[in-house]
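What follows is the residue order along each chain.
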Amino acid sequence: MRIEQLTHALGAELTGVNLADAVHDEGLFVEIRAALLQHRVLFLRDQEISRAEHVAFARRFGELEDHPVASSDPEHPGLVRIYRTPEQPNDRYENAWHSDATWREAPPFGAVLRCVDCPPVGGDTMWANMVLAYEKLPAHVKDEIADLRARHSIEATFGANMPIEKRLALKAQYPDAEHPVVRTHPETGEKILYVNVFTTHFTNFHTPERVRYGQDANPGGADLLRYLVSQAFIPEYQVRWRWKPRSIAIWDNTPTQHYAVMDYPPSHRKMERAGIIGGKPY
Ligand code: SIN
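Criteria and thresholds
- Residues numbered from 1 in each chain as written.
- Predicted model: local features only at pLDDT ≥ 70, side-chain atom pairs only at ≥ 80, totals over all residues.
- Heavy atoms only, no water.
- 1 Å grid on protein atoms, 1.4 Å probe; cavity = no way out; pocket = protein on both sides within 12 Å on 5 of 7 lines; lining within 4 Å.
- Points joined across faces, edges and corners; volume = space filled by probe spheres on them.
- Helix = DSSP H or I, 4+ residues; strand = E, 2+ residues; numbered from the N terminus.
- Nonpolar A, V, L, I, M, F, W, Y, C, P; charged D, E, K, R; others polar.
- Near = heavy atom within 4 Å.
- Areas by Shrake-Rupley, 256 points an atom, 1.4 Å probe, with all protein chains shown as cover.
- Sits in = over half its atoms within 2 Å of the grid points.
- Buried < 20%, exposed > 50% of the residue type's maximum accessible area, 1.4 Å probe, protein only.
- Pairing = 2+ DSSP bridges.
- Core = buried A, V, L, I, M, F, W, Y, C linked by side-chain atoms within 4.5 Å.
- Domains from an automatic or database assignment.
- Axes fitted to C-alpha atoms, helices over the stretch in contact; angles between N-to-C directions.
- Disulfide = S-S within 2.5 Å.
- Phe/Tyr/Trp six-rings, centres within 6.5 Å; stacked < 30°, edge-to-face > 60°.
- Lys NZ or Arg CZ within 6 Å of the ring centre and 35° of its normal.

Looking at this model, I keep getting lost on empty space enclosed by the protein. Mind explaining?
A probe matching the size of a water molecule, rolled over the atoms, marks out where space remains unfilled. For the structure shown, the criterion picks out one cavity of 30 Å³ or more. When its volume is computed, the largest cavity comes out at roughly 80 Å³. Lining the largest cavity, in full, are Glu65, Asp66, His67, Val80, Asp100, Ala101, Arg104, Pro108, Gly110, Ala111, Arg273 and Gly275. Elements that contribute at least two residues to the lining of the largest cavity include exactly strand S5 (110–117) and strand S15 (269–276). Grouping the constituent residues of the lining of the largest cavity by class yields four nonpolar, three polar and five charged.

Explain the site of the ligand here, please?
Taken together, Ile82, Glu94, His98, Asp100, Leu113, Thr125, Trp251, His258, Ala260, Arg269, Met271 and Arg273 make up the full set of residues adjacent to the ligand. Computed on the free molecule, the ligand has an accessible area of 260 Å², of which 99% lies beneath the protein chains in the complex. Counting atoms within 2 Å of the grid points, the majority share of the ligand lands in the largest pocket. Elements supplying a minimum of two residues to the shell around the ligand: strand S14 (256–260) and S15. The dominant element in the shell around the ligand, judged by the number of residues it contributes, is S15, at three residues. Broken down by class, the residue content of the shell around the ligand amounts to five nonpolar, three polar and four charged.

Just to check I follow, could you spell out the pairing of S5 for this structure?
For S5, the buried fraction is high: six of the eight residues fall into the buried class. With five bridges joining them, S5 and strand S13 (residues 248–252) adopt antiparallel strand pairing. Residue pairing for S13: Gly110 is matched across the bridge by Asp252.

Sorry, what's going on with the nonpolar core here?
Trp127, Ile145, Val181, Leu193, Phe202, Leu228 and Trp243 are the most contacted members of the largest nonpolar core, which has 47 residues in total. Three or more residues apiece are contributed to this core by two domains, here domain 1 (2–128 + 238–276) and domain 2 (130–232). Core analysis: the second largest hydrophobic core is formed by 27 residues, Leu19, Phe109, Ala274 and Ile276 among them.

In this structure, what is going on with the layout of surface pockets? I would like to understand it.
If you add up the space inside the largest pocket, you get close to 520 Å³. Lining the largest pocket we find 29 residues, and of these Ala70, Ile82, Arg84, Glu94 and Phe158 sit closest to its centre. Here the lining of the largest pocket gets five residues from one element, more than from any other, and that element is strand S4 (residues 79–84). When grouped by side-chain class, the residues that make up the lining of the largest pocket number 15 nonpolar, seven polar and seven charged. Shared between two domains, the lining of the largest pocket takes at least three residues from each, and those domains are domain 1 (2–128 + 238–276) and domain 2 (130–232). Taken as a whole, the second largest pocket spans an internal volume of roughly 160 Å³. Of all the secondary structure elements, the ones that give two or more residues to the lining of the second largest pocket are strand S11 (199–202) and helix H6 (217–229).

In this structure, what is going on with the sheet that holds strand S6 (residues 125–129)? I would like to understand it.
Ordered by their spatial adjacency, three strands build an open sheet running S12-S6-S14, and the pairing between neighbours is antiparallel. Pairing within the sheet leaves two strands with one partner each, and these edge strands are strand S12 (238–241) and S14. Across the sheet, the axes of successive neighbouring strands diverge by a mean angle of 20°, strand direction being ignored. Two elements, S6 and S12, share four bridges in a ladder whose sense is antiparallel. Its bridge partner being in S12, Thr125 is matched across the sheet by Trp241.

It is not clear to me how the state of the cysteines should be interpreted in this structure. Could you clarify?
Simply put, the disulfide is a covalent bond whose two ends are the sulfur atoms of two cysteines. Under the counting rule described, the total for this entry stands at zero disulfides. Left without a disulfide partner, Cys115 is nearest to the cysteine sulfur of Cys118, which lies 3.6 Å away. On the basis of relative accessibility, which here comes to 1%, the residue Cys115 falls in the buried class. Residue classification places Cys118 among the buried positions, given a relative accessible area of 13%.

Is there a simple way to explain the packing of aromatic side chains in this structure?
For any pair of aromatic rings, geometry is given as the distance between the ring centres together with the angle between the planes. Inspection of the entire model under this criterion finds 14 aromatic pairs. Ring centres 5.6 Å apart and planes at 50° place the aromatic pair Trp97 and Tyr259 in the tilted group. You can see Trp97 sitting in the loop between S4 and S5 and its partner Tyr259 sitting in strand S14, a full 162 residues away along the chain. On the accessibility criterion, Trp97 (9% relative accessible area) is buried. Classification of Tyr259 by relative accessible area gives partly exposed; the value is 24%. When the ring of Trp103 is compared with that of Phe198, the centres are 6.4 Å apart and the planes differ by 90°; the resulting orientation is edge-to-face. Here Trp103 is found in the loop between S4 and S5, whereas its partner Phe198 is found in the loop between strand S10 (191–193) and S11, with 95 residues between them in sequence. For Phe198, a relative accessible area of 4% translates into the label buried. Lying over the aromatic face of Phe29, Arg60 brings its terminal NZ or CZ to 4.4 Å of the ring centre.

Structure representation (structure tokens):
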């Protein structure tokens, strides 16, 4: 297996490897897992892999989970279909910087995404390194956010286009989660800036040290959150991947965010994602 780093921030392309082999080859799987921890997102081309092998490879990292809004392949639970067609002009969720499902108490560990079909041009996906984004913050901002916690919600994104009853039912089934604004990677010990499009507000900003008058809380907290969320937009922290059918991306969802560029309608884009269950952030 050869590993070619794609940017200084994150991402590497693997060549000379067939992911289906890693389902049974322990040594190969260990190598891929180590590369994932180092480069945070791995890319492969021309992978002849069946849906069953896709699922079996992802399950080597852990159990898979379905998505409450996007449906899964009926024969392969845990394999979420992200199919965009001209008939679904309003399904625009992936083109926002996010770490998958941080509205869960235990957000996913990572994902294995396979391109089934894509437009000849456009429909790229971008990833950002949120360890680097944290490292590069000014020291006074790091001090200010060290003990902050924030609310993450499914309601205002996936729920927004639903009738109110359906949206409230979604929120009741998936209540908001609270996470630290700076979380620690469970395996590398790195600090990660952990706010994204699902983050609605800080839950412990309103203290006498930060808020002189009640009025300081807003926009003080909202402005700080907006600044932190915007760090993922910085190109120096990013990598961009151009899809072809049979390309695969594997990402560590804890230290990264991603953004699927929707510059391709009315073309089709069909992706299948195996999302791997993760642990509670700390
Ligand atoms: C996702 O947001 O998990 C999907 C990314 C993509 O479709 O490129």
